[in-house]
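Here is what each chain is made of, one letter per residue.
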Amino acid sequence: MQLHEEIQEHLVRLEPHLQAEVLDFVLFLEHKQQQSSPDTVINGEEALKIHQQLMDQYADAFAKLAQ
């Protein structure tokens, strides 16, 4: 089994709010990685896309919790 498959297998077992925390951590790691390589720059459009994905995840998690 490849690493990404193993991660996904564990991720689907988590509650939505914990999945959102995992996403937060992944985004943090991506940001950290990009900071360590100065040639990579996130433009405003990319940052907005990441932010929108995060907000969508939060909205989904809260909607599921409200049910």
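In this text, all values refer to a predicted model and were calculated from it rather than measured experimentally.

Caption draft 1: Molecular detail of the overall build of the protein. What the protein contains, in helices and strands, is three helices and zero strands. If you list the helices and strands of the protein from N to C, you get α-α-α. Taken over the C-alpha trace, the protein has a radius of gyration of 14 Å; the compact-globule value for 67 residues is 11 Å, which it surpasses by more than 25%. Along the longest, intermediate and shortest principal axes, the C-alpha atoms of the protein span 45 × 30 × 15 Å. Counting all 67 residues of the protein, 7% fall into the buried class. Counting only carbon and sulfur atoms, one obtains 57% of the accessible surface of the protein, whose full area is about 5,700 Å². Where the 4 positive side-chain charges of the protein centre and where its 12 negative ones centre are 3 Å apart.

Caption draft 2: Examining the confidence of the model for the protein more closely. Confidence in the prediction for the protein averages 85 pLDDT; 94% of positions are at 70 or higher. When the elements of the protein are averaged for pLDDT, helix H3 (residues 44-66) gives the smallest value, 85, and helix H1 (residues 3-11) the largest, 90.

Caption draft 3: A look at the pattern of salt bridges. Applying the stated criterion to the full structure yields one salt bridge. Ionic pairing is found between Arg13 and Glu9, a salt bridge with its closest N-O pair at 3.4 Å. Exposure remark for Arg13: the relative accessible area of 57% places this residue in the exposed category. The partly exposed category is assigned to Glu9, whose relative accessible area is 36%.

Procedures and definitions
Sequence order sets the numbering: in each chain, residues are counted from 1 along the sequence as written. In keeping with the predicted nature of the model, local features appear solely for residues at pLDDT of at least 70, side-chain atom pairs appear and are counted solely at 80 or more, and the whole-chain, interface and lining totals rest on all residues. The side-chain values count all of the structure's non-hydrogen atoms but skip hydrogen atoms and water molecules. Only DSSP runs of H or I covering at least 4 residues are called helices, and only runs of E covering at least 2 are called strands; the numbering of each starts at the N terminus. Radius of gyration: over C-alpha atoms. The globule rule applied is 2.2 Å multiplied by the number of residues raised to the 0.38 power. Any residue under 20% of the maximum accessible area for its type is buried, any over 50% is exposed, and the rest in between are partly exposed; the area is computed with a 1.4 Å probe on protein chains only. Each accessible area is a Shrake-Rupley estimate made with a 1.4 Å probe; only the visible protein chains count as cover when residues are assessed. Only four residue types enter the tally: Lys and Arg on the positive side, Asp and Glu on the negative side, with His and both chain ends excluded. For the purpose of locating charges, the reference atoms are NZ of Lys, CZ of Arg, CG of Asp and CD of Glu. The quantity called pLDDT is the predictor's confidence in a given residue, expressed from 0 to 100. We define a salt bridge as a side-chain nitrogen of Lys or Arg found within 4 Å of a carboxyl oxygen belonging to Asp or Glu.

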